[in-house]
Amino acid sequence: MKRKVLKPIFVLLLLTLTIAAVYAASIITDIHVKHLLPQESELSAAVKSCIQSQVGKPYWVASGKQLEQALNNCDPMITGYQTRYLLLGKMELILETVSPIIKIETADSCLLIQSSAVSASVSLERCQKYPLPLLDAEKQEINTFVQDYATQLVKHFLSIELQPRKITYKGDQVAPWYAVELTTNKTVYLLPTSALQEKMILLRSAVQGLNDAEEPYSVIDLRFDRVVYK
């Protein structure tokens with residue numbers, strides 16, 4: 001009779017101990033932060049400070065809404081995150097960040113741009129960590145279309161091994177165009193067009209031909225049907 005009474009008590013005790021052990025093992029004792037921005041050597045430490053309050057909580061709590069809120073207020077370069085539970089109460093936090101392609105500098109701030117939808121406003125001092133092409137405009141506003149087109153220009157120039165240093169949005173609303181200054185002190189003039197790939201093929205041929213002929217030039221103008229250089 002006693003054995004029948006003791007058995008369910010033993011099972012309940014074992015279940016309680018198991019739940020307690022699982023809960024104890026889920027308590028986060030340390031958070032390891034990872035990101036893919038080599039320029040931001042201090043970002044991991046800064047983020048860890050922002051989320052320090054999550055230490056001591058179970059993983060399913062530490063990786064939840066409070067973590068999201070803490071990261072949203074932590075650093076402008078963060079766009080998202082993933083978490084992973086490691087052994088012995090450790091949690092890995094993998095940051096998704098802005099991967100800037102071009103930047104806009106003003107007198108007191110800097111906008112690092114991956115696309116018009118993904119960017120971060122940072123200090124000028126922090127901006128210097130990113131040796132990216134500058135985006136500027138003479139008369140017109142640098143709107144979202146200009147930002148996205150400039151990022152595409154950078155990608156296409158790099159694809160033919162030409163490094164832009166500065167892209168200036170020129171002209172007016174009726175006839176806009178771009179001046180792309182290269183690190184080789186050459187400048188390329190381009191109209192906004194969807195046929196960038198064809199323009200890059202033309203540009204690569206023009207640069208190679210001028211260099212092979214040792215022809216002096218400072219400007220390659222691709223705004224017309226034929227290549228003009230001077």
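What you are looking at is a predicted structure, and each value in this text was computed from that prediction instead of being measured. (Residues numbered from 1 in each chain as written. Predicted model: local features only at pLDDT ≥ 70, side-chain atom pairs only at ≥ 80, totals over all residues. Heavy atoms only, no water.)

*Asks:* Any details on the packing of helix 6 (residues 144-159) against helix 7 (residues 196-212)? Residues and values, ideally.
*Replies:* Helix 7 packs onto helix 6 with a crossing angle of 40° between their chain directions and a minimal axis gap of 10 Å. Relative to helix 7, the element helix 6 is oriented oblique. Read as a crossing pair, helix 6 and helix 7 show a hand that is right-handed. From helix 6, Y149, Q152, L153, H156 and F157 reach across to helix 7, where they touch L196, Q197, M200 and L203. (Axes fitted to C-alpha atoms, helices over the stretch in contact; angles between N-to-C directions. Helix = DSSP H or I, 4+ residues; strand = E, 2+ residues; numbered from the N terminus. Parallel < 35°, antiparallel > 145°, perpendicular 65-115°, else oblique. Left-handed = near helix turned anticlockwise from the far one by under 90°. Contact = heavy atoms within 4.5 Å.)

*Asks:* How would you explain the environment of Q69 if you had to name every residue and give the values?
*Replies:* Within the fold, Q69 resides in helix 4 (residues 65-72). It is 9.5 Å that separates the C-alpha atoms of Q69 and I51, two residues lying 18 residues apart in sequence.

*Asks:* Requested: an account of the side chain of D75, with residues and values cited.
*Replies:* With respect to the element layout, D75 can be found in the loop between helix 4 and strand 2 (78-85). At 2.9 Å, the side chain of D75 forms a polar contact with the backbone nitrogen of M77. At 3.0 Å, the side chain of D75 and the side chain of R126 are in polar contact. The residues touching D75, leaving out its near neighbours within four places in the chain, are L43 and R126. (Polar contact = N/O pair within 3.5 Å; in protein donor to acceptor, adjacent residues only side chain to side chain.)

*Asks:* Requested: an account of the nonpolar core, with residues and values cited.
*Replies:* Counting 31 residues, the largest nonpolar core has L153, F157, I167 and L203 as its most contacted members. For this core, the elements supplying multiple residues, two or more each, are strand 4 (102-105), strand 7 (134-137), helix 6, strand 8 (164-171), strand 9 (176-182), strand 10 (187-190) and helix 7. Here L153 is in contact with I167, Y178, V180, L190 and L196, once residues within four sequence places are set aside. Membership of the second largest hydrophobic core comes to 25 residues, among which are I31, I51, L67 and C127. (Core = buried A, V, L, I, M, F, W, Y, C linked by side-chain atoms within 4.5 Å. Buried < 20%, exposed > 50% of the residue type's maximum accessible area, 1.4 Å probe, protein only.)

*Asks:* Residue-level account of the side chain of Q54, with values.
*Replies:* Note on placement: Q54 falls in the loop between helix 2 (43-50) and helix 3 (59-62). According to the relative accessible area criterion, Q54 is buried, its value standing at 2%. Ignoring sequence-local partners within four residues, the contact set of Q54 consists of I28, I31, V61, A62, Q66 and L67.

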